[in-house]
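# Fold and contact review
What follows is each chain in one-letter form.
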Amino acid sequence: MNKAQFLMGNQAIALAAMEAGVNIAAGYPGTPSSEVLETIAQNADKYNIYVEWSTNEKVALETAIGAAYAGAKAITTMKQVGLNVASDPLMSLSYIGVKGALVIMVADDPGPHSSQTEQDTRSFARFANIPVLDPATPQEAHDMTLWAFNLSNQLQTPVIMRTTTRVSHGCADVTIGDISKVSWDIEGFTKDPRWAIFPKLTAQRHPWLESLQDELAGIFSSSPFNRISGGGKIGIISSGVSRKYVQEALAHLGLNVKLLEIGTPYPFPEAKALEFAKGLDHIIAVEELDSYLEEQMLQLVGRFKLPARVLGKIDGMFPKCGEYNVDIVKEGLQKCLKYIGAESGVKTPAPIVEAQNIPPLPNRQPTLCAGCMHRTVFYAFKRALNGIPAVFSGDIGCYTLGNAQPLDMVDTCLCMGAGISIAAGLQHAQPNVKHIAFIGDSTFFHSGIPAIINAVYNNANIIIAVLDNRTTAMTGHQPHPGIGITATGKPTVAVSIAEIARSCGVKTVEEIDGQNLKACTDAIKRVVEASGPSVLIFKGPCTNLEKTDKRYNIDEQICTLCNYCIEQLGCPALSVIDDMPAIQSTCAGCGLCAQICPVGAIVPGGED
């Protein structure tokens, strides 16, 4: 019996996967995708599903591929930059296909809110020749996931589910089916030359891959996820959550136009688009990030010699970058209608009246949490180096926030695992400067190990600082191989970062209490002049996971009002009230401020 639940889009996708009978789920945490695998993990034992947090997205995809080769229904989850990591197996997989079913859930991040790039997975799917679905609501995300599993199994091809932040993290009532009645038997792997992709096989399978795109385009043209509504001489084509912005903008502007909602952008549903385009004078494309739909419509209009003019990003009517909202869409539509009106005499709506006298939002600098171990380590490097010229190469994680003032301890940040390699490259180019690479514990397992091996092999004289707070903190505190807990909370082997570093050939490896400023400072001083790569592992709890009742207070009788603690640390629990330094209730009790106070005015005993 179907029932409605108030769900986040990611939860809706997870429940749909379970409703479809998923057997295997593998992923790497990355906002805004993480909740899909977390939701499946919470139900794994109940429904006999194997779930894992893999060491990176490539491994996650390959694990899911192996399961699908055996006839299992599998899902893998990642964010858009994770798709870059997984791209090597993905590009070959499109030629081979699968036996069971494989859904690749990729969450894009227009904005971006928590990413290095604003990639559009629709374009990636076209590049890889893999079908992609693009939901606009949590309900569509659920329904499309069910359809994706069926489509993958029917056509023996992987299917990409592309969401964006607003769909993944948006919440709504979602009608779901009965999961408990669903089962899927795994047939098992059958040996076949098809599974080994040699050049001869690639040449044989390429025609199949191209014919599959035509077949999918036909299936998508009749899909209920692609809908035409309205009428008139002006048409709007849109996909993803932008479809909802368009509908709201049209209601605000009081416009009635012909609307094509695209839920299956690749392969492009040409027959449906041609049905939509006939009789139109102007076609407006509204979509986040790439001008994918716009380019498809331009090709369609040209090939079939249609009279319609296509407007969108290429004409400058809509922004080429960033996340959309209703106001941005309204402004873009008005630009288009102004152009159309000037060209054809169509009356345009009145311009949008901007609200007056609304103060701007405060500009808050991102910062490490109060009590974060990383702040102690960064400050220890400042103290230990004491004027020695140094470059600090960062990585992806909470510690990226070390680039903010007053710490100013992250000079580079590119992608996961790159901090070590960049530090090595800088050292080979500039050997007279000390080079330090910061990397987190989860990132170490994700892609740091090959970089360490390379640093050892090529004798890079760098310090590698592993900031081990025992979790994947920035994406929601998921476990990783160093913790000893699986995705479903079961105990397993805790892989030692120190032992891995030593097995890679690193001669100097130390583990240090990351909350003890003196111990951190002394360890750094010991390795500053070491030859070859050194690894310092700073261990301590994430303050958001391990709470303590210990707090600190400022003794006003001792304090000299020097504000040294505030100026040096940038801790959000420290502030000035009535010209007096004060410790707020957000204090996490790490004691770093007490360790650096020049007069000992910061003492235990603040209120919890």
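For the structure, see preceding data.
The following paragraphs examine the structure supplied in this document.

Each value, and the rule that gives it
- Per chain, residue numbering runs from 1 following the sequence as it is written.
- Confidence filtering applies because this is a predicted model: local features only for residues at pLDDT of at least 70, side-chain atom pairs given and counted only at 80 or more, and all residues used for totals across whole chains, interfaces and linings.
- Where side-chain values are given, they derive from all heavy atoms of the structure, hydrogens and water being excluded.
- Helical segments are the DSSP runs of H or I of at least four residues, strand segments are the runs of E of at least two, and each set is numbered from the N terminus.
- In this treatment the radius of gyration is a C-alpha quantity, and the globule benchmark scales as 2.2 Å times the residue count to the 0.38 power.
- Residue burial considers only the protein chains on display, and all accessible areas are found by Shrake-Rupley using a 1.4 Å probe.
- Here Asp and Glu are counted as negative and Lys and Arg as positive; His is not counted, and neither are the chain ends.
- Charged groups are reduced to one reference atom each: NZ for lysine, CZ for arginine, CG for aspartic acid, CD for glutamic acid.
- Accessibility here uses a 1.4 Å probe with only protein chains present; expressed as a share of the type maximum, an area under 20% marks a residue as buried, one over 50% as exposed, and anything in between as partly exposed.
- Two strands pair if DSSP finds at least two bridges between them.
- Every crossover in which the path from the first strand over the helix to the second runs clockwise, viewed with the strands pointing away from the viewer, is termed right-handed.
- When the centres of two rings from Phe, Tyr and Trp lie within 6.5 Å, Trp using its six-membered ring, the rings pair. Their planes under 30 degrees apart give stacked, over 60 give edge-to-face, and anything left gives tilted.

### Quick word on the overall build of the protein chain
The secondary structure content of the protein chain amounts to 21 helices and 22 strands. Taken over the C-alpha trace, the protein chain has a radius of gyration of 27 Å; the compact-globule value for 608 residues is 25 Å, and the two agree within 12%. Seen through its principal axes, the protein chain has C-alpha atoms that stretch 80 × 70 × 55 Å. For the protein chain, the exposed area adds up to about 25800 Å²; of that, 52% sits on carbon and sulfur atoms. The protein chain carries 47 positive and 59 negative side-chain charges, and their two centres are separated by 4 Å.

### Some words on the pairing of strand β10 (residues 234–239)
With 6 of 6 residues buried, β10 is to be regarded as a mostly interior element. Where burial is concerned, the two faces of β10 agree: the one with Ile234, Ile236 and Ser238 and the one with Gly235, Ile237 and Ser239 are both buried. Examined bridge by bridge, β10 and strand β12 (residues 282–286) share 5 bridges and lie parallel to one another. If you follow Ile236 over to β12, its bridge partner there is Ile284. As paired strands, β10 and strand β11 (residues 258–262) are joined by 5 bridges and run parallel to one another. The residue bridging Gly235 from the neighbouring strand is Lys258, located in β11. In this fold, β10 hands off to helix α11 (residues 242–253), which returns the chain to β11; that crossover is right-handed.

### Regarding the packing of aromatic side chains
Overall, the coordinates contain 11 aromatic pairs when judged by the stated rule. Between Tyr69 and Trp195 the ring centres are 4.4 Å apart and the planes differ by 40°, which places this aromatic pair in the tilted class. Of this pair, Tyr69 sits in helix α4 (residues 57–69) while Trp195 is found in the loop between β8 (171–176) and α10 (199–221), placing the two residues 126 residues apart along the sequence. The residues Tyr69 and Trp195 share a single accessibility class, namely buried. Their ring planes at 85° and their centres at 4.8 Å tell us that Phe378 and Phe438 sit as a pair that is edge-to-face. Taken together, the residues span a long stretch of sequence, with Phe378 in helix α15 (residues 373–385) and Phe438 in strand β15 (residues 434–440) at a distance of 60 residues. Assigned by exposure class, Phe378 and Phe438 land together as buried. Connected via pairs of aromatic rings, a cluster forms that spans Phe378, Phe381, Phe392, Phe438 and Phe538.

Treat this as a map of the structure, not an account of what it does.
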